[in-house]
Amino acid sequence: MAAEVVADASAAFLLRLVHDIVAVSVASGVFKKDCTDLVRRIALFTHLLEEIRDSGSSDHDHASSSSDSSWSDDLAIALQAAKRLLSAASGYHSVNSSDGAAKRISFQFQCVTWKLERSLAKIPFDQFQISEEVQEQISLVRAQLRRATERYGSLNSRKVLNAISQPLEKESGDANHEISAKTDNIPEKRGAVRRAADEETKVLERVNGSSTPSEVCLSNETDSKVQENPATKGTDQTKKPDALVIPVDYLCPISLELMRDPVIVATGQTYERSYIQRWIDCGNVTCPKTQQKLENLTLTPNYVLRSLINQWCAKHNMEQPSGLANSRLKKSDGSFRDVSGDMAAFQALVAKLSSLCLEERREAVAEIRSLSKRSTDNRILIADAGAIPVLVNLLTADDVSLQEHAVTSILNLSIFENNKSLIMLAGAIPSIVQVLRTGSMEARENAAATLFSLSLADENKIIIGSSGAIPALVDLLQHGSTRGKKDAATALFNLCIYQGNKGRAVRAGIITALLTMLTDSRNCMVNEALTILSVLASNHDAKVAIVKASTIPVLIDLLRTGLPRNKENAAAILLCLCKRDAENLACLSRLGAAIPLTELSKSGTERAKRKATSLLEHLRKIQHP
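Residues numbered from 1 in each chain as written. Predicted model: local features only at pLDDT ≥ 70, side-chain atom pairs only at ≥ 80, totals over all residues. Heavy atoms only, no water.

The name recorded for the protein chain in an unreviewed UniProt entry is RING-type E3 ubiquitin transferase, from Hibiscus syriacus. A UniProt comment under Pathway (unreviewed entry) is attached to the protein chain, and it reads "Protein modification; protein ubiquitination." (UniProt positions renumbered as here; feature names shortened; annotations may be inferred.)

In structure tokens form, the structure reads like this:
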């Protein structure tokens, strides 16, 4: 039932966003047609979201609720980006010779349409029993969005030549909704989407009239409220003493957000790693900004720019990942406590990690492992003392003890949400994957658990998936200890929520591994196997591989002999495999699935009853066309 509440809340929130966007008044200007087309397409989301809201589906287990969170969070971020873009672009006119603002607006139309189309692609229609009419409508909208994305790619350079920059006066600062990425396995479970949603209340994208075209401003909530007041709008928009100017070179051209992990592509352009990786994973082989074909897909870290951004953030007191401020740690009640003494001790301990004495390094890393396990405060202080980069270096140590303690320490530190970005920025993923491949069994288990923890942030799913981690996790799933297999299964499930990782998992041989788990006489990991299969079954390549591996007979057998939860999941996977597939339905009929399905439709869980009933209806259609 908890998942049901989350799904309803998400749908209601998304509907409010759609209604807000549809209510935007589009004035005449350079981008009038672009704004009108975008609003018209987003308006078509209404029926879909209403059906999801009204479905009242309790059709969500642990697997599906995480998946639901992923698609709804992605769609919310895309809609919020569209709302900000419309606010900036509506009524925009050409009044001077600078083209910086027009170029950003034009490129953002391409990015927003792409984000919307990809978000719609992730919606699990079967889980919400969306009507065929609405599904056809959304398919049409997706086709329109794809064509618009391609068209913007060829039109951007021409439009920029004709569009002249002017200050963007409209802002949107009312997205005060927090979106939570749900998981049951790690404490302090706040994903990247929550951070993104929090940023929506602060980041107001515009070009300041008194600044150069290569600058974008961040304004506080007071500024936003002043702009909403018609009596003060005229004077206060041109003079904002609290505005903080961010150099445009520090912003990702795709997201228009401050970059944390900038990387360079083959054309020489720099992007935030997670955004450009997602662009590439969707099959694009051109540079989003220049539209030039990428000679290779290598992403090279831009360490110089990252250093400049970090220095700029420190200079302007921008919020940093650490929870510390002037040696004071913020407590849960909002007050601060002095931790200068503790910090000195942690800094001394971190210094020992680089000692020339092996035994001293062993003692220090073992102590950090122990301390990082105890409390959130310790995780904050250890990270702020600079431990993370040193621990990452120890992952490649030849000493087994150092490696085990280092990877476990990183796992413990990653539980604190803000440390995730520090671990990613330290370049930990390649070393963690290497430990996963070649370390001791304890180190491999904790490496898998670390990848799961880091993948709770949505942008990290993309980076981890492209790092070669998935084949190593599949190997652990097949050949690891019982605990290692469970850690690998959890990490693989979470990574496969992202559509681009499903194909990687199939190519790594995950279907064979899952089938082995389903047929293991000990039945110790049947539930985990079914959970991962339920996520993969929506992917075309995975669906083909599942059927080719003769998984359908095994699933039918689980309908007869499995535990109630396993029967439920087996029915859900079979429905996904066989719906609109006459050949698979015929296979179900030949194997006698109607009998266990009929029994399940009467005595199973509520979700199992719905899935079984739907399958029986499809079977009747092929038997009596």
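Past the structure itself, the notes keep going.
Colleague: Before we move on, could you go through the nonpolar core and cite the residues and values that matter?
Modeller: Counting residues in hydrophobic clusters, the biggest one holds 103 residues, and the most contacted among them are Leu-391, Leu-477, Ile-510 and Leu-588. Once residues lying within four places of it in the same chain are set aside, the contact partners of Leu-391 are Leu-353, Val-365, Ile-368, Ala-406, Ser-409, Ile-410 and Leu-413. The next biggest cluster of nonpolar side chains, apart from the first, holds 42 residues, and it includes Val-18, Cys-35, Phe-109 and Phe-128. (Core = buried A, V, L, I, M, F, W, Y, C linked by side-chain atoms within 4.5 Å. Buried < 20%, exposed > 50% of the residue type's maximum accessible area, 1.4 Å probe, protein only. Contact = heavy atoms within 4.5 Å.)

Colleague: Describe the environment of Ile-254, and please don't skip the residues or the numbers.
Modeller: By the element assignment, Ile-254 lies in the loop between strand 2 (244-247) and strand 3 (262-264). The class for Ile-254 is buried, based on a relative accessible area of 0%. Taking the C-alpha atoms as reference points, Ile-254 and Trp-279, separated by 25 residues in sequence, lie 9.3 Å from one another. Ile-254 has contacts with Phe-107, Gln-108, Cys-111, Lys-115, Tyr-271, Tyr-275, Ile-276 and Pro-288, leaving out every residue within four places of it along the chain. (Helix = DSSP H or I, 4+ residues; strand = E, 2+ residues; numbered from the N terminus.)

Colleague: Outline the side chain of Thr-450, listing residues and values.
Modeller: Within the secondary structure, Thr-450 sits in helix 20 (residues 441-454). Reaching out from Thr-450, the side chain makes a polar contact with the backbone oxygen of Asn-446 at a distance of 2.6 Å. Other than its neighbours up to four places away in sequence, Thr-450 contacts Val-407, Ile-410, Leu-411 and Ile-432. (Polar contact = N/O pair within 3.5 Å; in protein donor to acceptor, adjacent residues only side chain to side chain.)

Colleague: An account of the pattern of salt bridges is requested, with residue identities and associated values reported.
Modeller: The tally for this structure, following the rule as stated, stands at 17 salt bridges. Here Asp-475 ties to Arg-444 by a salt bridge, and the two come within 3.0 Å at their closest N and O atoms. Here Asp-475, found in helix 22 (residues 469-479), pairs with Arg-444, found in helix 20; they are 31 residues apart in sequence, far enough to count as distant. The shortest N-O distance in the salt bridge between Arg-483 and Glu-445 comes to 3.3 Å. Residue Arg-483 is found in helix 23 (residues 482-495), and its partner Glu-445 is found in helix 20; the two are separated by 38 residues along the sequence. (Salt bridge = Lys/Arg side-chain N within 4 Å of Asp/Glu carboxyl O.)

Colleague: Before we move on, could you go through unusual backbone geometry and cite the residues and values that matter?
Modeller: The backbone phi angle of Gln-291 is positive, close to 65 degrees, even though this residue is not glycine. With respect to the helices and strands, the residue Gln-291 is situated in the loop between helix 11 (273-281) and strand 5 (300-301). Unlike most non-glycine residues, Arg-580 shows phi in positive territory, near 60 degrees. Here Arg-580 shows up in the loop between helix 29 (564-578) and helix 30 (582-590). For Arg-580, a relative accessible area of 55% puts it in the exposed group.

Colleague: Break down the packing of helix 11 against helix 21 (residues 458-465) for me, citing the residues and quoting the values.
Modeller: Two elements in contact, helix 11 and helix 21, have axes whose closest approach is 9 Å; the angle formed by their N-to-C orientations is 60 degrees. Taken together, helix 11 and helix 21 sit at an angle that is classed as oblique. The handedness of the crossing between helix 11 and helix 21 comes out as left-handed. Contacts between helix 11 and helix 21 pair Arg-273, Ser-274, Gln-277, Arg-278 and Asp-281 from the former with Asp-458, Glu-459, Ile-462 and Ile-463 from the latter. Looking at the contact of helix 11 with helix 21, its residues break down into two nonpolar, two polar and five charged. (Axes fitted to C-alpha atoms, helices over the stretch in contact; angles between N-to-C directions. Parallel < 35°, antiparallel > 145°, perpendicular 65-115°, else oblique. Left-handed = near helix turned anticlockwise from the far one by under 90°. Nonpolar A, V, L, I, M, F, W, Y, C, P; charged D, E, K, R; others polar.)

Colleague: Can you break down helix 24 (residues 499-507) residue by residue, with the values?
Modeller: All buried positions along helix 24 are accounted for by Asn-501, Lys-502, Gly-503, Arg-504, Ala-505 and Val-506. One or two residues past the end of helix 24 sits Gly-509, with phi positive at roughly 90 degrees.

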